[in-house]
Amino acid sequence: MVFYEKRSENAFKFYNTANLANYIVNFTFDGNTSCFFVIIFLFQLFFDMKALVLDQVGQDLQLKNISNYEDEEGYILVDVHAAALNHRDVWITKGMYPGIEPPVILGSDGAGFYEGKEVIINPNHLWGDNIKFQSPQYHILGLPTDGTFAEKVKVKKDKIHPKPSHLSFEEAAALPLSGMTAYRALFTKCNLQKGERVLISGIGGGVALFAFQFAIAMGAEVWVTSGSDWKIEKAISMGAQGGINYKTADWKSFSKKTGGFDVVIDSAGGDGFMNLVKLCKPGARICFYGGTRGNINQLNPQIIFWKQLSIFGSTMASDQEFNEMIDFVGEHHIVPVVDSVYSINNANEAFKKMEQGLQFGKIVLKIQ
Ligand SMILES: NC(=O)c1ccc[n+]([C@@H]2O[C@H](COP(=O)([O-])OP(=O)(O)OC[C@H]3O[C@@H](n4cnc5c(N)ncnc54)[C@H](OP(=O)(O)O)[C@@H]3O)[C@@H](O)[C@H]2O)c1
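Rules used throughout
Residues numbered from 1 in each chain as written. Predicted model: local features only at pLDDT ≥ 70, side-chain atom pairs only at ≥ 80, totals over all residues. Near = placed C-beta within 6 Å. Nonpolar A, V, L, I, M, F, W, Y, C, P; charged D, E, K, R; others polar. Domains from an automatic or database assignment. Helix = DSSP H or I, 4+ residues; strand = E, 2+ residues; numbered from the N terminus. Buried ≥ 20, exposed ≤ 12 C-beta atoms within 10 Å, placed from the backbone. Arc of directions from axis to C-beta. Contact = placed C-beta atoms within 7 Å. Core = buried A, V, L, I, M, F, W, Y, C linked by C-beta atoms within 7 Å. Pairing = 2+ DSSP bridges. Right-handed = clockwise from strand over helix to strand, strands pointing away. Axes fitted to C-alpha atoms, helices over the stretch in contact; angles between N-to-C directions. Parallel < 35°, antiparallel > 145°, perpendicular 65-115°, else oblique. Left-handed = near helix turned anticlockwise from the far one by under 90°.

*Asks:* Looking at this structure, how should I read the site of the ligand?
*Replies:* Near the ligand you find 31 residues, and of these Gly 202, Gly 204, Gly 205, Ser 226 and Gly 290 are the closest. The class makeup of the residues in the shell around the ligand is nine nonpolar, 19 polar and three charged. The residues that make up the shell around the ligand include at least three from each of domain 1 (1-175 + 336-368) and domain 2 (179-313).

*Asks:* Would you explain the environment of Asp 327 in this entry?
*Replies:* As for its placement among the helices and strands, Asp 327 is situated in helix H11 (residues 319-331). The spatial distance from the C-alpha of Asp 327 to the C-alpha of Pro 164 is 8.7 Å, given a sequence separation of 163 residues.

*Asks:* Can you walk me through helix H12 (residues 347-355) in this structure?
*Replies:* In an α-helix, one turn spans 3.6 residues; hence positions three or four apart end up facing the same way. By the burial criterion, the buried members of H12 are Ala 347, Ala 350 and Phe 351. Along the long axis of H12, the arc covered by the buried residues comes to 100°, so they all point the same way. At its buried positions, H12 is contacted by strand S2 (49-54), helix H3 (87-93), strand S18 (338-343) and strand S19 (362-366). Count one or two residues on from H12 and you reach Gly 357, which has phi positive near 65°.

*Asks:* Where do I start with the nonpolar core in this structure?
*Replies:* Here is a general trend for soluble globular proteins: nonpolar side chains tend to be buried in one another's company. Counting residues in hydrophobic clusters, the biggest one holds 94 residues, and the most contacted among them are Leu 52, Leu 186, Ile 200 and Ala 211. Among the elements that make up this core, the one with the highest residue count is helix H6 (residues 206-217) (eight residues). Counting residues domain by domain, this core receives three or more from each of domain 1 (1-175 + 336-368) and domain 2 (179-313). Excluding anything up to four places from it in sequence, Ile 200 contacts Ala 208, Ala 211, Phe 212, Ala 215, Val 222, Val 224 and Ile 265.

*Asks:* Explain unusual backbone geometry to me, please; I cannot follow it from the model alone.
*Replies:* Negative phi values dominate among residues other than glycine, just as trans dominates among peptide bonds. Across the junction of Pro 102 and Pro 103, the peptide omega takes the value 0°, indicating a cis bond. Looking at the secondary structure, you find Pro 103 in the loop between H3 and strand S5 (104-105). Each neighbour pair has its own omega, and for Leu 143 with Pro 144 the value is 10°, a cis peptide bond. Along the chain, Pro 144 turns up in the loop between strand S9 (139-140) and strand S10 (152-156). A positive phi angle, near 160°, is found at Leu 143, a position not held by glycine. Within the fold, Leu 143 resides in the loop between S9 and S10. Judged by local crowding, Leu 143 falls into the buried class, with 23 C-beta atoms found within 10 Å. For His 333, which is not glycine, the phi dihedral falls at a positive 50°. Within the secondary structure layout, His 333 lies in the loop between H11 and S18.

*Asks:* Would you take a moment to explain the environment of Leu 192 for this structure?
*Replies:* Mapping Leu 192 onto the fold places it in the loop between helix H5 (176-189) and strand S12 (197-200). Under the C-beta neighbour-count criterion, Leu 192 is labelled buried, with 23 such atoms within 10 Å. Counting along the chain gives 71 residues from Leu 192 to Val 263, while the straight-line C-alpha distance between them is 7.1 Å.

*Asks:* So what exactly am I meant to see when it comes to helix H8 (residues 251-258) here?
*Replies:* Counting buried residues along H8, only zero of its eight residues qualify, which leaves the element largely exposed. Phi turns positive, to about 85°, at Gly 259, one or two residues after H8.

*Asks:* In this structure, what is going on with the pairing of strand S16 (residues 280-288)? I would like to understand it.
*Replies:* Taken residue by residue, a regular strand's side chains alternate between the two faces of the sheet. Looking at chain direction, strand S15 (residues 261-266) and S16 are connected through five bridges and run parallel. Its bridge partner being in S16, Phe 261 is matched across the sheet by Cys 280. Read as a crossover between parallel neighbours, the route from S15 over helix H9 (residues 273-278) to S16 is right-handed. Looking at chain direction, S16 and strand S17 (residues 310-313) are connected through four bridges and run parallel. The residue of S17 that forms the bridge with Phe 288 is Gly 313.

*Asks:* Looking at this structure, how should I read the packing of H5 against H11?
*Replies:* Relative orientation and spacing of two packed helices are given, respectively, by the angle between their axes and the distance between those axes. Where H5 meets H11, the closest approach of the two axes is 9 Å, and the angle between their N-to-C directions is 95°. Between H5 and H11, the crossing angle belongs to the class labelled roughly perpendicular. Residues Gly 179, Met 180, Tyr 183, Arg 184 and Thr 188 of H5 pack against Glu 321, Phe 322, Glu 324, Met 325, Phe 328 and Val 329 of H11. Of the residues that constitute the contact of H5 with H11, the class distribution is six nonpolar, two polar and three charged.

*Asks:* Explain the packing of H5 against H6 here, please?
*Replies:* Closest axis-to-axis distance for the H5/H6 pair is 8 Å, and the angle between their directions is 55°. By the angle class used here, H5 and H6 are oblique. Every pair of crossing elements has a handedness; the one defined by H5 and H6 is right-handed. From H5, Ser 178, Gly 179, Thr 181, Ala 182, Tyr 183, Ala 185 and Leu 186 reach across to H6, where they touch Gly 206, Val 207, Phe 210, Ala 211, Phe 214 and Ala 215. A class-by-class count of the residues in the contact of H5 with H6 yields nine nonpolar, four polar and no charged.

*Asks:* Please clarify how the sheet that holds strand S14 (residues 242-245) should be interpreted in this entry.
*Replies:* The pairing of strands in a sheet comes from backbone hydrogen bonds and takes either a parallel or an antiparallel form. The strand order S14-S13-S12-S15-S16-S17 describes an open sheet built from six strands, whose pairing is parallel. The open sheet has two edge strands with one neighbour each: S14 and S17. Sheet twist, expressed as the average angle between the axes of neighbouring strands with direction ignored, equals 15°. Against the sheet, H6 touches S12, strand S13 (221-226) and S15, its axis set at about 165° to S12. Strands in contact with helix H7 (residues 229-237) are S13 and S14; relative to S14, the strand with the most contacts, it is inclined by about 170°.

Next comes the structure, spelled out in structure tokens:
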């Protein structure tokens, strides 16, 4: 069991300072006792860690000093240098995710050191043997088990992977969860081929931008949607053919202009999903991995069967696809788009930015 002690950033400093004062006082008045406090102080210095804890749904995360974060048989402790947010973390803080059991340290993405080597973490736990779907025991790092928004994280040894050498810790931390989700949606599910025309919806998002970068690397013609014109312009500057604002779209003229799509990748769902279906060419594939805009209420079966469309749901990716994704990123020298890097002390500001959808790419926390 982990012992949580509520402390703000400053309180953490005071905590150590108070112990230092303790030590000095005892050293001055009692040599023997001072030795004891020196040991305690050094122990705390080396074995305590800072972590962002969700104590209660609907509340800000609390930066705490955690004692007794112990090793466990079959697990290793990774020193986390950078961690990245996913929308899942926001859903969890709002209580919009199954199986929330506070207190818990959130965070599925991380990069850091293990035994002096630079590593990134595969957030999968117990995917199972079937690449087609995850096992009933499957879960993701950062709920229900403690995650990467902490100086140390406990993971199975086979879940660490050498950090791609062309990436900084912040870039590498941005990669795992979003990268693997995008990889499976684009390649395993939609079987994207070079030269095909792809639409990526909501390009400001973490997963969407990986799907975008992977599709460009594959030699596809990529178009985007977004709720912000400036994000579309940014995507065009990175190689997109063009885009449309889903808030103000004239879908018919967009369809004419583009000629329709072979592959569509979406995370919004909702009533806007039918617009994506209409943009499909005959024989197209659509994959969605999220439901940000809720239920899809107005699907037209006639359009789907007459165009011979395939619609896939997808979630995360198997360990094998995680490894393939890392190789793909290395081969194509893909650098994750990092929107911003926040100190762990300002993590709640980072959460607010994601909640408001102001980012273009991944929001990263610098842990140490
Ligand atoms: N199943 C899985 O394994 C899995 C994995 C990762 C994520 N997800 C889910 O996928 C979604 C995105 O996750 P993320 O981490 O990439 O989030 P994120 O970085 O916070 O991005 C949010 C995304 O939502 C888009 N969006 C909002 N309203 C939209 C609309 N009406 N139409 C199209 N796009 C819209 C935004 O696009 P703009 O900013 O461009 O407007 C942006 O791409 C979340 O629902 C998340 O839970 C699922």
